[in-house]
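Architecture at a glance
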Amino acid sequence: MRYTTLGQYYDADSVIHRLDPRVKLVFTIVYIVSLYLGNSPFCYIFAGLFLAVVIRLSKVPVRYMLRGLKAVIFLLLFTAFFNIFLSQGDVVFQWGFITITRQGIETAVRMAVRLVLLIMGSSLMTLTTTPNDLTDGLEKGLGFLKVFHVPVHEIGMMMSIALRFIPILVEEAGRIMMAQKARGADFDSGGLIKKAKAMIPLLIPLFVAAFRRANDLAQAMEARCYHGGNGRTKLHPLKYRRLDFIAYGVLLLYLALMIVLKIVTKS
Amino acid sequence: MQLELKSVSLVYDPDVQNPKKAVDDISLTLRKGEFAGLIGHTGSGKSTLVQIMNGLLKPTEGTVLLDGQDVHEKGFPLRNLRRQVGLVFQYPEYQLFEETVLKDVCFGPKNLGLPKEEQEERAKKALSRVGLDARYYDASPFELSGGEKRRAAIAGVLAMEPDILILDEPTAGLDPQGRNDLLAEIRKLNEEEGTGIVLVSHSMEDVAAYASRLLVMNHARLVYDDTPRHVFEHYKELEAMGLSAPQVVYVMHALEARGLDVRTDVLTIEEAKREILRALGRK
Amino acid sequence: MEEFIRLQDVVYEYHAYAEEEHEEETVRALSHISAEIREGSFVVVLGHNGSGKSTLAKQVNALLLPTEGYVYVCGANTRETPEEDLWKIRKNAGMVFQNPDNQIIGNVVEEDVAFGPENIGIPEEELARRVTRALEKVGMEAYRMHSPNRLSGGQKQRIAIAGMLALKPKCILMDEPTAMLDPMGRKEVLETVHELNRKEGITIVLITHYMEEAVDADRVIVMDRGQIVMDGTPKEVFSRMEELRAIRMSVPEVTELAYELRKEGLDLPEGILSIEELTEALCSLN
């Protein structure tokens, strides 16, 4: 099975790859917020330039990133379509009941640019962070939620186990499908309902297998002294280094400039 | 009925550079009534080959002929091939899904479009073939023991009444008695019903004792297709492929090296016993 | 002297629910088992499916606790240890399971090996050292940064063993670790385990269906219906072929051949286990 390239880890040795996942997490959140801060074209140009520099630093090929965008092209066209045709304002084109307004085009472009920047910005995080680091980053970065009794460690552990078992279950699904086909099962023809029904001989064994594996795994974890997150150490604990502090500095600078730009361009 | 593979090759990812062949230029014919063993180390292409045999995989080169007809030609009902050439996957118990054993075994016949009475008739016959009697019909397949699940799953393929039955390591994970019982049932099926058997196995002892023809795969190629007796004479070559010969073969070679005048092409304990007694002049 | 592992009159029962009768049914998986395991020994446990051998191993690992009787591991009584401290027992008696995929937790080999020691709070520098040492001992150091998904079955099992070793256990229990492997993977795992026993002095309890794997053990325990029915050296146990057959077991092929020849009147010693032994004995007859 193939996954889309949107957000799938791209292995490279770059400054961005080496950043602490928590930094990247904060970066992404701040960046997304910043996109909604400014409204003028200058703000978008600035945000775009900033992203371009980061992408360059990350050594992820632009082509690879653009290929990832393909997956959301439908969403892009869809929002653009509604903005262009359903906005009110100064009419620039009219044909029958179809009217296109200046404001419509403006909103459509703004939305599209924002969406593209948003998607590229956030996929850059997953492109440059291994799933493991991401899980670690989330666990540690969201650690403050423990105060509110959010089981942060457990969620992190669950994510990491899910990551490990996805390829195994995908493979298992393939195997069961072949075995049922050998018994004459037909997964391909017929209407939607027939197809859905044909999935039962695949889904039930898959669920059973998933439970069996989960049970085995729980035992294996216990056998290896797992007793919750208390008192656990880490082979590679997350630690902020100089690079990370510099990155935070850059982020602050970016945010400040963005706010300045917003105030300046507003008047 | 016969199934013929003609210069069959299969490449999984033809797009990549230097694509690796999983099966490389294999030709062979399987017939109803014979009992063949198929050995080869993990990754030698056995699993791919058996999936080509029953049409689950389409070879990238070469043809598969069922009684002379190309099965991948347009219009050929592949279901016919799957009915006539049954395939039992490794750990087949993981494919069970119905509420009762009987219903599960009926799944195959049902897919063949048979009427309900005939489905059940076939299912019951298949279950009795693998040693599961009427007590099991209404049991949930998930409540059976490991060995019983295995049998029920095999019955699920048997109920399609194939002329050739391919089993991919049917005894994996069973205890010694369970292994012997299952193999004995497979042999009975071969002898009484004339079903052709292809037994994929890691056990040299098992293929030596049960098969009359032995196929050996190495690096995607079929390197031997002969009687087990002849194949195991090449035990040195087999070892280079990560395989071996039954222990008794090694015993005979060791005895020969010590100057005892014994034949080395024995396959079973019984044969080895007779040969040693003969050489020692006891019988 | 403090005993290493001791089972004292252990009974283990569990409840099974018969679906139709809605009734609880008590199944006795272990019935009055007493045994001691010496430190540094290599013990193989044989028995057909459902004979109770896995249950036995899980008792020593404190994954299961006895219904009656006691299990002592390095002086600790599993039944009297509070639940939150059971992991301290598991640290001494590690366990490797049958399915290679279902016991690997990490997404990278080194991460998986570190999982055990992370759980018991080993500090960072020591952790890295333990991971390196454990991977070296099973000969998998070259795969440190690999994803476990691409490894062969035998390699996965060696990673699972390394994961146990990183906890520095005194004993490793193995529940049919070779059942799902091909002959090469089986050989790989067995060689690793024997070496650990020989070089590191780690006690091994190996549960298996493959009679050949018992040949090199110090001691073989045979189980049937929740009880220990035979206990002795491989030679002693495999001499009792008829009894083994009666409880759905078999013997290695050479042993069976020697047995058949003895029945024909050849004067061969009992319990022949290897090809060399058999040839030697036969040639001395001639």
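Just so it is clear, the model here is predicted, and its values are computed rather than measured.

Moving on: the packing of helix α8 (residues 152-182) of chain A against helix α10 (residues 200-223) of chain A. Residues and elements named next belong to chain A. At their nearest, the axes of α8 and α10 sit 10 Å apart, and the two run at 140° to each other. As the angle between them shows, α8 and α10 are arranged oblique. α8 and α10 meet at a crossing whose hand is right-handed. Where α8 abuts α10, its residues M157, I161, F165, I168, L169, E172, A173, R175, I176, M177 and Q180 lie against P201, L202, P205, L206, A209, A210, R212, R213, L217 and M221. Here the residues of the contact of α8 with α10 are counted per class, giving 16 nonpolar, one polar and four charged.

Of the residues lining the interface, 17 residues belong to chain A; the matching set on chain B comes to 20 residues. A buried area of about 1600 Å², summed over both sides, lies between chain A and chain B, and 63% of it is on carbon and sulfur atoms. Among the residues chain A hides against chain B, the three largest losses belong to A:M178, A:A182 and A:R183. Together they make up 43% of the total. The tally of links between chain A and chain B comes to two salt bridges. Residue A:R183 pairs with B:D104 through a salt bridge whose shortest N-O separation is 3.1 Å.

Here we take up the sheet that holds strand β9 (residues 219-224) of chain C. Working definition: the strands of a sheet are paired by backbone hydrogen bonds and lie parallel or antiparallel to each other. Residues and elements named next belong to chain C. Strand order in the open sheet formed by six strands is β6-β7-β8-β3-β9-β10, with mixed pairing between adjacent strands. Edge strands, defined here as strands with exactly one partner in the open sheet, are β6 (93-96) and β10 (227-232). Strand-to-strand twist in this sheet, taken as the mean axis angle between neighbours without regard to direction, amounts to 20°. Against the sheet, helix α1 (residues 53-60) engages β3 (42-46), β6, β7 (171-175), β8 (203-207) and β9, with an angle of about 155° to β7.

Attention now goes to the nonpolar core. C:L46, C:V113, C:I161 and C:I172 are the most contacted members of the largest nonpolar core, which has 54 residues in total. Sort the elements by how many residues they give to this core and helix α5 (residues 153-165) of chain C lands first, with six residues. Counting residues in each nonpolar core, the second largest holds 49 residues, with B:Y136, B:L183, B:I186 and B:A245 among its members.

Listed by partner, the interface residues are 30 residues for chain A and 40 residues for chain C. Carbon and sulfur atoms supply 50% of the area buried between chain A and chain C, which totals about 3000 Å² over both sides. Its largest share of buried area at the contact with chain C, chain A owes to A:R164, A:R224 and A:L235, together 30% of the area lost on that side. The interface formed by chain A and chain C includes five salt bridges. With a closest N to O distance of 3.4 Å, C:E124 and A:K239 form a salt bridge. Applying the counting criterion to the chain A and chain C interface returns 20 residue pairs in polar contact (both at pLDDT 80 or more).

What follows is about the domain arrangement of chain C. Residues and elements named next belong to chain C. According to the domain assignment, chain C contains domain 1 (5-251) and domain 2 (252-286). Distance from the C-alpha centre of domain 1 to the C-alpha centre of domain 2: 32 Å. Listed as interface residues are eleven residues of domain 1 and, on the opposing side, nine residues of domain 2. Summing both partners gives a buried area of about 950 Å² for domain 1 against domain 2, and 61% of it is carried by carbon and sulfur.

This paragraph deals with unusual backbone geometry. Backbone geometry places B:E169, a non-glycine residue, at a positive phi of 45°. Its place among the elements puts B:E169 in the loop between β7 (164-168) and α6 (176-193). A positive phi is found at C:D9, a non-glycine position, where the angle reads about 50°.

Our next topic: the side chain of B:K273. Considering the arrangement of structural elements, one finds B:K273 in helix α11 (residues 269-279). Excluding residues within four positions of it along the chain, B:K273 makes contact with C:L257, C:E260, C:L261 and C:E264.

Let us look at the sheet that holds strand β5 (residues 69-70) of chain B. All names here are of chain B. The four strands are arranged β2-β1-β4-β5 in an open sheet whose pairing can be described as antiparallel. The strands lining the two open edges of the sheet, one partner per strand, are β2 (21-31) and β5. Two strands pair when backbone bridges link them, and strand β1 (residues 2-11) and β2 are joined in this way by seven bridges, in the antiparallel orientation. Along β2, the bridge assignment pairs V11 with K21.

Another point: the pairing of strand β6 (residues 85-88) of chain B. All names here are of chain B. What you see with β6 is no split at all: V85 and L87 on one side and G86 and V88 on the other are buried throughout. As paired elements, β6 and β7 share four bridges and run parallel to each other. Bridge pairing in β7 links L87 to I166.

Before going further, it helps to examine the confidence of the model for chain C. Overall, the prediction assigns chain C a mean pLDDT of 92, with 97% of residues at 70 or greater. Under the prediction, the complex receives an ipTM of 0.90, its pTM being 0.87.

Before going further, it helps to examine the pattern of salt bridges. If you walk through the whole model with that rule in mind, you get 56 salt bridges over all chains. Here B:K103 makes a salt bridge to B:E99, at a shortest N to O gap of 3.5 Å. You can call B:K103 partly exposed: its relative accessible area is 39%. Classification of B:E99 as exposed rests on a relative accessible area of 57%. In this structure, C:R245 engages C:E256 in a salt bridge whose closest nitrogen and oxygen atoms are separated by 2.7 Å. Placement of C:R245 in helix α8 (residues 241-246) and of C:E256 in helix α9 (residues 253-263) is noted, with a sequence separation of eleven residues between them. Residue classification places C:R245 among the partly exposed residues on the basis of a relative accessible area of 36%. Judged by relative accessible area, which is 19%, C:E256 ranks as buried. One continuous salt-bridge network, built from bridges that share partners, spans B:E118, B:R122, B:K125, B:R129, B:E161, B:E192 and B:E193.

To continue, consider the packing of aromatic side chains. Residues and elements named next belong to chain A. Inspection of every chain in the model, using the stated rule, returns 17 aromatic pairs over all chains. Seen in terms of ring centroids, F81 and F82 are 5.6 Å apart; in terms of plane orientation they differ by 85°. Their pairing is edge-to-face. Given the relative accessible area of 36%, F82 is considered partly exposed. Three or more aromatic residues joined by ring pairs make a cluster, and in this case those are F27, Y31, F46, F50 and Y254. Lying over the aromatic face of F165, R164 brings its terminal NZ or CZ to 5.2 Å of the ring centre.

With that settled, consider a nonpolar patch on the surface. Residues and elements named next belong to chain A. A cluster of nonpolar side chains, I73, F74, L77, F78, F81, F82, F85 and L86, forms an exposed patch at the surface whose accessible area comes to about 850 Å². Summarising the element assignment, I73 is placed in helix α5 (residues 73-86). On the accessibility criterion, I73 (47% relative accessible area) is partly exposed.

Here we take up the pairing of strand β4 (residues 61-66) of chain B. Residue and element names in this part refer to chain B. Of the pairings in the sheet, the one linking β1 to β4 comprises five bridges and is antiparallel in character. Looking across to β4, one finds that K6 is bridged to T63. Relative to β5, β4 is paired through two bridges, and the arrangement is antiparallel. Bridging from a neighbouring strand, L65 pairs with D70 of β5. In sequence, β4 turns back onto β5 through a hairpin of two residues, with D67 there showing a positive phi of about 45°.

Conventions we followed
Residues numbered from 1 in each chain as written. Chains lettered and ligands numbered in written order. Predicted model: local features only at pLDDT ≥ 70, side-chain atom pairs only at ≥ 80, totals over all residues. Heavy atoms only, no water. Axes fitted to C-alpha atoms, helices over the stretch in contact; angles between N-to-C directions. Helix = DSSP H or I, 4+ residues; strand = E, 2+ residues; numbered from the N terminus. Parallel < 35°, antiparallel > 145°, perpendicular 65-115°, else oblique. Left-handed = near helix turned anticlockwise from the far one by under 90°. Contact = heavy atoms within 4.5 Å. Nonpolar A, V, L, I, M, F, W, Y, C, P; charged D, E, K, R; others polar. Buried area = accessible area lost by both parts, 1.4 Å probe. Salt bridge = Lys/Arg side-chain N within 4 Å of Asp/Glu carboxyl O. Pairing = 2+ DSSP bridges. Core = buried A, V, L, I, M, F, W, Y, C linked by side-chain atoms within 4.5 Å. Buried < 20%, exposed > 50% of the residue type's maximum accessible area, 1.4 Å probe, protein only. Polar contact = N/O pair within 3.5 Å; in protein donor to acceptor, adjacent residues only side chain to side chain. Domains from an automatic or database assignment. pLDDT = per-residue confidence, 0-100. Phe/Tyr/Trp six-rings, centres within 6.5 Å; stacked < 30°, edge-to-face > 60°. Lys NZ or Arg CZ within 6 Å of the ring centre and 35° of its normal. Patch = residues over 30% accessible without salt bridge, like charges linked within 9 Å, V, L, I, M, F, W, Y side chains within 5 Å. Areas by Shrake-Rupley, 256 points an atom, 1.4 Å probe, with all protein chains shown as cover.

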